[in-house]
Amino acid sequence: MDLKEIQSLIKFVAKSGASEVKLEMEDVKITIKTGETKGEMTTVVQQIPMAGIPQQPAAPVVPVAQPAAPAASEAPAAATSDDSKYVTIKSPIIGTFYRKPSPDKPAFVEVGDSISVGSVLCVIEAMKLFNEIESEVSGKIVKVLVDDSSPVEFDQPLFLVDPS
């Protein structure tokens, strides 16, 4: 079936007043749907051997995704090279991170403080229980990675410690 035959079929269906016509042949499926008003019509034409058609929409998506991947991998590589000499202390639980034992008390540790194994670094509240997080390494606090009273996830980095 060629394009002229399809166009004449569409015109015939539009004039006839039929709401839907389906035509299936060996290599083509045609469905013509007309709306309630004469100007409104939907035509769907499908060829059964559809080897080349699904690949065309996917092709433009691939080049767009490829340039984004190298840019995303470069940023973490730069950050980890600066922090590679430090030990990261991560959250063992999900909860709310607090740097102080109570609002009117000083923080457990500050940047520059020396810590030893077993030193309390912070408190994480989970289900109304306050869990003291102790250091597993000795060293010096280089950076606090989480703001006070912030929610934290399991294995989220909390502190950077210089073990030297």
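Further up the page is the structure itself.
Remember, predicted model here, so these are calculated numbers, not experimental data.

Enquirer: What's the story with the packing of aromatic side chains in this structure? I'm lost.
Expert: Where two aromatic rings form a pair, the distance of their centres and the angle of their planes describe that pair. With the rule as written, the count across this model stands at two aromatic pairs. Their ring planes at 55 degrees and their centres at 5.9 Å tell us that Phe 97 and Phe 159 sit as a pair that is tilted. Taken together, the residues span a long stretch of sequence, with Phe 97 in strand β5 (residues 95–98) and Phe 159 in strand β11 (residues 157–162) at a distance of 62 residues. Judged by its relative accessible area of 0%, Phe 97 falls in the buried class. On the basis of relative accessible area, Phe 159 is assigned to the buried category, the value being 1%. Between Tyr 98 and Phe 130, the aromatic rings sit 6.1 Å apart at their centres with planes inclined by 45 degrees, giving tilted as the arrangement.

Enquirer: Hey, could you run me through the pairing of strand β7 (residues 120–126) in this one?
Expert: Note on strand geometry: in a regular strand, side chains alternate between the two faces of the sheet. For β7, a buried count of six out of seven residues is recorded, marking the element as mostly surrounded by other parts of the structure. As judged from the six bridges shared by β7 and strand β8 (residues 129–134), these two strands associate in the antiparallel manner. In the strand pairing of β8, Ile 124 is matched with Asn 131. In textbook terms, the turn of a hairpin is the stretch between consecutive antiparallel strands, and for β7 and β8 this stretch comprises two residues, one of which, Met 127, has a positive phi near 55 degrees.

Enquirer: What exactly am I supposed to notice about the sheet that holds β7 here?
Expert: Neighbouring strands of a sheet are bound in pairs by backbone hydrogen bonds; such pairs are parallel or else antiparallel. The four strands lie next to each other as β8-β7-β5-β10, forming an open sheet whose pairing is antiparallel. The two strands at the open ends of the sheet, each matched to only one other strand, are β8 and β10 (150–152). Strand-to-strand twist in this sheet, taken as the mean axis angle between neighbours without regard to direction, amounts to 40 degrees. Sheet topology note: the β5/β10 ladder contains three bridges and is antiparallel.

About the cut-offs
Residues numbered from 1 in each chain as written. Predicted model: local features only at pLDDT ≥ 70, side-chain atom pairs only at ≥ 80, totals over all residues. Heavy atoms only, no water. Phe/Tyr/Trp six-rings, centres within 6.5 Å; stacked < 30°, edge-to-face > 60°. Helix = DSSP H or I, 4+ residues; strand = E, 2+ residues; numbered from the N terminus. Buried < 20%, exposed > 50% of the residue type's maximum accessible area, 1.4 Å probe, protein only. Pairing = 2+ DSSP bridges. Axes fitted to C-alpha atoms, helices over the stretch in contact; angles between N-to-C directions.

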